[in-house]
Amino acid sequence: MGKKFNLQFDSFSNTFDLLATDHPREPTACDNDEDHDFLFHRIKGLRTGEVIGFSNEGGDLAKDYERLVELLQKKPFHGLYDVPQLGLRDATLDRIVTAIYRRFILREEGTEYLLREERPVRKVAEK
């Protein structure tokens, strides 16, 4: 079973946060990662230095989706994660971002979330 995340999505700005459900309460900061063109950030606990989540804060998933998934596939953050709100278990971050995009941007409900290899991003974005 992967690390479990809570999903928070802001529909006004099309941004999301994924925060580990078991992280200690502590101040956090985004770790800007140039490998992901500042479209996707690690969230680190300032006391522990542990990565406790991920965010696209400062971006717009509706506009950045294709590039973001491309970057995550070229330079993945290794690990498998669970996001109960999306019905995902042992999912990679590119799969989680695709699920968020399909649920909150395309407003698809009850669909199975597919990896990019199973369905090209361009086809999903064209819908």
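Scroll up a little and you will see the structure.
The following paragraphs examine the structure supplied in this document.

**Details of unusual backbone geometry**
The backbone of N14 sits at a positive phi, close to 55 degrees, despite the residue not being glycine. Within the fold, N14 resides in the loop between strand 1 (3–10) and strand 2 (15–20). Residue classification places N14 among the buried residues on the basis of a relative accessible area of 15%.

**Some thoughts on the pairing of strand 7 (residues 88–91)**
In the sheet, strand 6 (residues 81–83) pairs with strand 7 via 2 bridges, with the strands oriented antiparallel. Note on strand 7: the bridge partner recorded for Y81 is A91. Taken together, strand 6 and the strand that follows it, strand 7, pair antiparallel across an intervening segment of 4 residues, in which G87 is found at a positive phi of about 70 degrees.

**Points about helix 1 (residues 61–74)**
With 14 residues, helix 1 should cover 20 Å at 1.5 Å per step; its first-to-last C-alpha distance of 18 Å lies within 8% of that length. Along its length, helix 1 shows its largest kink, about 35 degrees, at R67. Those residues of helix 1 not exposed but buried are L61, D64, Y65, L68, V69, L71 and L72. The N-capping residue of helix 1, defined by a side-chain oxygen 3.0 Å from the backbone nitrogen of A62, is D60.

**Looking at the nonpolar core**
In this structure, F16, L18, F40, L61, I96, V97 and I100 are the most contacted members of the largest nonpolar core, which totals 27 residues. If you list the elements that add at least two residues to this core, you get strand 1, strand 2, helix 1, strand 6, strand 7 and helix 2 (93–105). With sequence-adjacent residues up to four places away left out, F40 is seen in contact with F16, D33, F54, S55, L68, L72, F77, L93 and V97.

Each value, and the rule that gives it
Residues numbered from 1 in each chain as written. Predicted model: local features only at pLDDT ≥ 70, side-chain atom pairs only at ≥ 80, totals over all residues. Heavy atoms only, no water. Helix = DSSP H or I, 4+ residues; strand = E, 2+ residues; numbered from the N terminus. Buried < 20%, exposed > 50% of the residue type's maximum accessible area, 1.4 Å probe, protein only. Pairing = 2+ DSSP bridges. Expected span 1.5 Å × (residues − 1). Bend = angle between axes of the 7 residues up to and from the residue. Polar contact = N/O pair within 3.5 Å; in protein donor to acceptor, adjacent residues only side chain to side chain. Core = buried A, V, L, I, M, F, W, Y, C linked by side-chain atoms within 4.5 Å. Contact = heavy atoms within 4.5 Å.

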